[in-house]
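# Results of the structural survey
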Amino acid sequence: MEQDVESPISIRQPKLPKQAREDVTKQKCTKRKVQRYVRKDGKCNVHHGNVRETYRYLSDIFTTLVDLKWRFNLLIFVMVYTVTWLFFGMIWWLIAYIRGDLDHLQDKEWSPCVDNLNGFVSAFLFSIETETTIGYGHRVITDKCPEGIILLLVQSVLGSIVNAFMVGCMFVKISQPKKRAETLVFSTNAVISMRDGKLCLMFRVGDLRNSHIVEASIRAKLIKSKQTKEGEFIPLNQTDINVGYDTGDDRLFLVSPLIISHEINQHSPFWEISKTQLPKEDLEIVVILEGMVEATG
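What comes next concerns the included structure. (Residues numbered from 1 in each chain as written. Predicted model: local features only at pLDDT ≥ 70, side-chain atom pairs only at ≥ 80, totals over all residues. Heavy atoms only, no water.)

## Things to note about a positive patch on the surface
On the surface, a cluster of positive charge is contributed by Lys 43, Lys 69, Arg 71 and Lys 178. Mapped onto the secondary structure, Arg 71 falls in helix H4 (residues 70-99). (Patch = residues over 30% accessible without salt bridge, like charges linked within 9 Å, V, L, I, M, F, W, Y side chains within 5 Å. Areas by Shrake-Rupley, 256 points an atom, 1.4 Å probe, with all protein chains shown as cover. Salt bridge = Lys/Arg side-chain N within 4 Å of Asp/Glu carboxyl O. Lys, Arg positive; Asp, Glu negative; His and termini not counted. Charge placed at Lys NZ, Arg CZ, Asp CG, Glu CD. Helix = DSSP H or I, 4+ residues; strand = E, 2+ residues; numbered from the N terminus.)

## Quick notes on H4
Taking 1.5 Å of rise per residue, the 30 residues of H4 would be expected to cover 44 Å, and the 44 Å separating its terminal C-alpha atoms lies within 8% of that figure. Its buried side turned inward, H4 meets helix H3 (61-67), helix H5 (120-132) and helix H6 (146-174). Just past H4, the residue Gly 100 takes up positive phi, approximately 85°. (Expected span 1.5 Å × (residues − 1). Contact = heavy atoms within 4.5 Å.)

## Some thoughts on unusual backbone geometry
Its identity is not glycine, yet Asn 116 carries a phi of approximately 65°, on the positive side. For Asn 116, the location among the structural elements is in the loop between H4 and H5. Phi at Thr 133 takes a positive value of approximately 55°, unusual for a residue other than glycine. Secondary-structure assignment places Thr 133 in the loop between H5 and H6.

## Concerning the pattern of salt bridges
Close approach of charged atoms allows side chains of opposite charge to pair. Tallying each qualifying case throughout the model produces seven salt bridges. Among the salt bridges present, the one from Glu 290 reaches Arg 219, with a minimum N-O distance of 3.4 Å. With Glu 290 in strand E8 (residues 283-293) and Arg 219 in strand E4 (residues 213-227), this residue pair connects regions lying 71 residues apart in the sequence. With relative accessibility at 37%, the residue Glu 290 sits in the partly exposed group. Linked through salt bridges whose partners overlap, the residues forming this network are Arg 99, Asp 101 and Glu 147. (Buried < 20%, exposed > 50% of the residue type's maximum accessible area, 1.4 Å probe, protein only.)

## Thoughts on H6
The first and last C-alpha atoms of H6 sit 42 Å apart over 29 residues, in line with the 42 Å expected at 1.5 Å per residue. Residues Gly 148, Leu 151, Gln 155, Gly 159, Val 162, Met 166, Cys 169, Met 170 and Lys 173 constitute the buried set of H6. Structurally, H6 contributes buried residues whose contacts are with H3, H4 and H5.

## Description of a nonpolar patch on the surface
On the surface, Leu 86, Met 90, Leu 94, Tyr 97, Ile 98, Phe 120, Val 121 and Leu 125 cluster together to form a nonpolar patch covering roughly 750 Å² of accessible area. At the level of elements, H4 and H5 are the ones that each hand at least two residues to the nonpolar patch. Per element, the largest residue contribution to the nonpolar patch is five residues, and it comes from H4. For Phe 120, the location among the structural elements is in helix H5.

## Quick word on the nonpolar core
Buried together is how nonpolar side chains tend to be arranged in soluble globular proteins. Ile 218, Leu 252, Ile 260, Phe 270 and Leu 289 are the most contacted members of the largest nonpolar core, which has 20 residues in total. When contributions to this core are tallied by element, the ones reaching two or more residues are strand E3 (198-207) and E4. It is E4 that provides the largest number of residues to this core, a total of five residues. Beyond its immediate sequence surroundings of up to four residues, Leu 252 is in contact with Val 205, Ala 216, Ile 218, Leu 258, Ile 260 and Leu 289. By size, the runner-up hydrophobic cluster in this structure holds twelve residues, among which are Phe 88, Leu 102, Leu 117 and Leu 151. (Core = buried A, V, L, I, M, F, W, Y, C linked by side-chain atoms within 4.5 Å.)

## So, the pairing of E3
In summary, the side chains of a regular strand alternate between the two faces of the sheet. Most of E3 is tucked away, with eight of its ten residues classed as buried. Where strand E1 (residues 184-186) and E3 come together, three bridges link them in antiparallel fashion. Its bridge partner lying in E3, Leu 184 is registered against Asp 207. Relative to E3, strand E2 (residues 191-195) runs antiparallel, the two sharing five bridges. (Pairing = 2+ DSSP bridges.)

## Quick notes on the packing of aromatic side chains
Under the criterion given, the structure shown has six aromatic pairs. Relative to Trp 85, the ring of Tyr 81 has its centre 5.8 Å away and its plane inclined at 45°; by these criteria the two rings are tilted. A residue pair is termed a helical-turn pair when its members lie 3 or 4 positions apart in one helix, as Tyr 81 and Trp 85 do in helix H4 at four residues. A centroid spacing of 5.4 Å and a plane angle of 15° characterise the contact between Trp 93 and Tyr 97, whose relative ring orientation is stacked. Remark: Tyr 97 and Trp 93 occur in helix H4; sequence separation between them is four residues, near one turn of the helix. Take Tyr 97: its relative accessible area is 52%, and that puts it in the exposed class. Following the ring pairs from residue to residue traces out a cluster consisting of Phe 77, Tyr 81 and Trp 85. Its guanidinium or amino end placed over the ring of Trp 70, Lys 173 lies 5.3 Å from that ring's centre, counting from NZ or CZ. (Phe/Tyr/Trp six-rings, centres within 6.5 Å; stacked < 30°, edge-to-face > 60°. Lys NZ or Arg CZ within 6 Å of the ring centre and 35° of its normal.)

## Here's the deal with the packing of H4 against H5
Where H4 contacts H5, the axes come no closer than 8 Å and their chain directions differ by 120°. In terms of axis orientation, H4 runs oblique to H5. You can see that H4 and H5 cross each other, and the crossing is right-handed. Contacts between H4 and H5 involve Tyr 81, Thr 84, Trp 85, Leu 86, Phe 88, Gly 89, Met 90, Trp 92 and Trp 93 from the first element and Phe 120, Ala 123, Phe 124, Phe 126, Ser 127, Ile 128, Glu 131 and Thr 132 from the second. A per-class count over the contact of H4 with H5 returns twelve nonpolar, four polar and one charged. (Axes fitted to C-alpha atoms, helices over the stretch in contact; angles between N-to-C directions. Parallel < 35°, antiparallel > 145°, perpendicular 65-115°, else oblique. Left-handed = near helix turned anticlockwise from the far one by under 90°. Nonpolar A, V, L, I, M, F, W, Y, C, P; charged D, E, K, R; others polar.)

What is shown is where atoms sit, not what they do.
Right, here's the structure in full:
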């Protein structure tokens, strides 16, 4: 995916930025280790700290669960079902204990709330059968227990809600296109060179899979701190880099690798940055490719 674009630059061409006007002697530049705003794998290197209103995470519990790591998500998935089974199993056991069903286990004339319920373990198993609609047929509720009928309705409704919530959460997490994004490859290096008589910043992007990215579009941001004319310092200021949104070139037909170009003109944030100044600048370019996966939507 790498491509080095080289062409001779005319030093004294009119209407060109400082990169093309300055005659710079070759010198070795030592690479500085700069902490990235967005890592190479696409994850933002930003950690939220001193968040006082943590209750807002619980107000959007579905998104919070989806954003959790897989190990915590699976742990919560198992715990939710286990707790609900234990909770309703305890209630079934209490009903049997209060009605005296456990004292008449061998009495065939006694009509229990749940047939063949002889302890907490059997009540727990009956709770699992009720919520998961397994129904082995050994333990069954009778019509002589109105409180058991009400509990059966409550557990069936709550069980359906729990199933819809947790299964929906797992489905959304599985369908996230994080692994699909790994097959979108950007060039390792971006280059600045002449193209059609214009100085351009260029890089390549390509898709490794045969399934296409539908309605793919690309945009770029320059992350750089700035100071306003009034003296206000803005850390990590975001500036748009024009990669063709005025001409429609930002909408990609990503079948083969494409070269994305940004013209460095008077409207470019790189216009006032010289070639010698560029390696010393504390800036970062973030490229965002958006689209819809053809296979899964």
